[in-house]
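# Structure assessment
Residue strings, one per chain:
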Amino acid sequence: MSANYKRVLIKLSGEALQGDQGYGISPSTLETFAGEIAELQRMGVEVAIVIGGGNIFRGVAGSTAGMDRTSADYMGMLATVMNGIALQDAIERLGVATRLQTALEIKEIAEPYIRRRATRHLEKGRVVIFGAGTGNPYFTTDTAAALRAMEVQAEVILKATNVDGVYDCDPRTNPNAKRFERLTYLDVLSKNLRVMDSTAISLCMENDLPIIVFDLNQAGNIKRVIEGEDLGTLICP
Ligand code: GTP
């Protein structure tokens, strides 16, 4: 099967990298994910990735525990950079070129985010990993994913999560939870379905950028989604 998309942005939560460990980066989970990304790149798909940091530090949790929100969010951004370095290393070990760009300048470690340069890297077949979110406190990495997807003109956001789509209630606590195959942005906002925060959904809505929410833990799912298989939940106009 051939790819349905030429350029995609994958939103990977930090938690997705922790595997069963409950914290940090699981080497085997990282390796599996890197392998799937390398396969997409070899299929000719241009891949950009926005990575979260919740497996290391979560800004909201820090502020709930009494920390200044801005300081906590900056720590969260640094956590995403750590994940980005790990991901870059794992993908490059498989022989695929990557570039890590960060929204906060840490020049010794990564390129600063420059949109035109990111686009050029994608055209050259390099996997581009975006770290440090949007570089601003009070914004989530989901919002960073929506923003970067629009900036590099990705055709779709692939939101890789730990559940196989969007449900009307939590499938882990309610066995009768029903999965939606398709939703509009307004459905997500009005039903308060916590797929992505409302800023991210609104950005996608204003720019007609589709989002596919799917289960990352099922091996080969990213490729299936890219080949157009109906997996998870599609959120579109
Ligand atoms: P082309 O111009 O398309 O060849 O892209 P390129 O990324 O290979 O060009 P460049 O010569 O700018 O980069 C070579 C290497 O240096 C790449 O691995 C970049 O990621 C890295 N690099 C470029 N700028 C920076 C920077 O500001 N900080 C860090 N840490 N690395 C950088």
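Just above sits the structure.
The following refers to the structure shown. Just so it is clear, the model here is predicted, and its values are computed rather than measured.

About the cut-offs
Residues numbered from 1 in each chain as written. Predicted model: local features only at pLDDT ≥ 70, side-chain atom pairs only at ≥ 80, totals over all residues. Heavy atoms only, no water. Phe/Tyr/Trp six-rings, centres within 6.5 Å; stacked < 30°, edge-to-face > 60°. Helix = DSSP H or I, 4+ residues; strand = E, 2+ residues; numbered from the N terminus. Lys NZ or Arg CZ within 6 Å of the ring centre and 35° of its normal. Near = heavy atom within 4 Å. Polar contact = N/O pair within 3.5 Å; in protein donor to acceptor, adjacent residues only side chain to side chain. Areas by Shrake-Rupley, 256 points an atom, 1.4 Å probe, with all protein chains shown as cover. Pairing = 2+ DSSP bridges. Contact = heavy atoms within 4.5 Å. Axes fitted to C-alpha atoms, helices over the stretch in contact; angles between N-to-C directions.

The final tally for this structure, using the stated rule, is one aromatic pair. Their ring planes at 80 degrees and their centres at 5.5 Å tell us that Tyr113 and Phe130 sit as a pair that is edge-to-face. Within this pair, whereas Tyr113 is found in the loop between strand S4 (111-112) and helix H4 (115-123), its partner Phe130 is found in strand S5 (residues 127-131), the two being separated by 17 residues in sequence. Just above the ring of Tyr113 sits the side chain of Arg148; from NZ or CZ to the centre is 3.5 Å. Residue placement shows Arg148 over the ring face of Phe130; its charged tip is 5.7 Å from the ring centre.

Around the ligand, the neighbouring residues are Arg99, Lys107, Glu108, Ile109, Ala110, Glu111, Pro112, Arg117, His121, Lys124 and Arg126. A distance of 2.7 Å separates an oxygen atom of the ligand from a polar atom in the side chain of Arg99. In this structure, a nitrogen atom belonging to the ligand sits 3.2 Å away from a main-chain N or O atom of Ala110. Protein contact buries 52% of the 620 Å² of open area that the ligand shows by itself.

A sheet is described by the order of its strands in space; here nine strands give the open sequence S4-S3-S5-S2-S1-S6-S10-S11-S9, paired in mixed fashion. Whereas interior strands pair on both sides, the edge strands pair on one side only; in this sheet they are S4 and strand S9 (182-184). Across five bridges, the pairing between strand S6 (residues 156-161) and strand S10 (residues 211-215) is parallel. Bridged to Ile157 within S10 is Ile211. Contacting strand S1 (7-12), strand S2 (46-51), S5 and S6, helix H5 (residues 141-151) crosses the sheet at an angle of about 175 degrees to S1.

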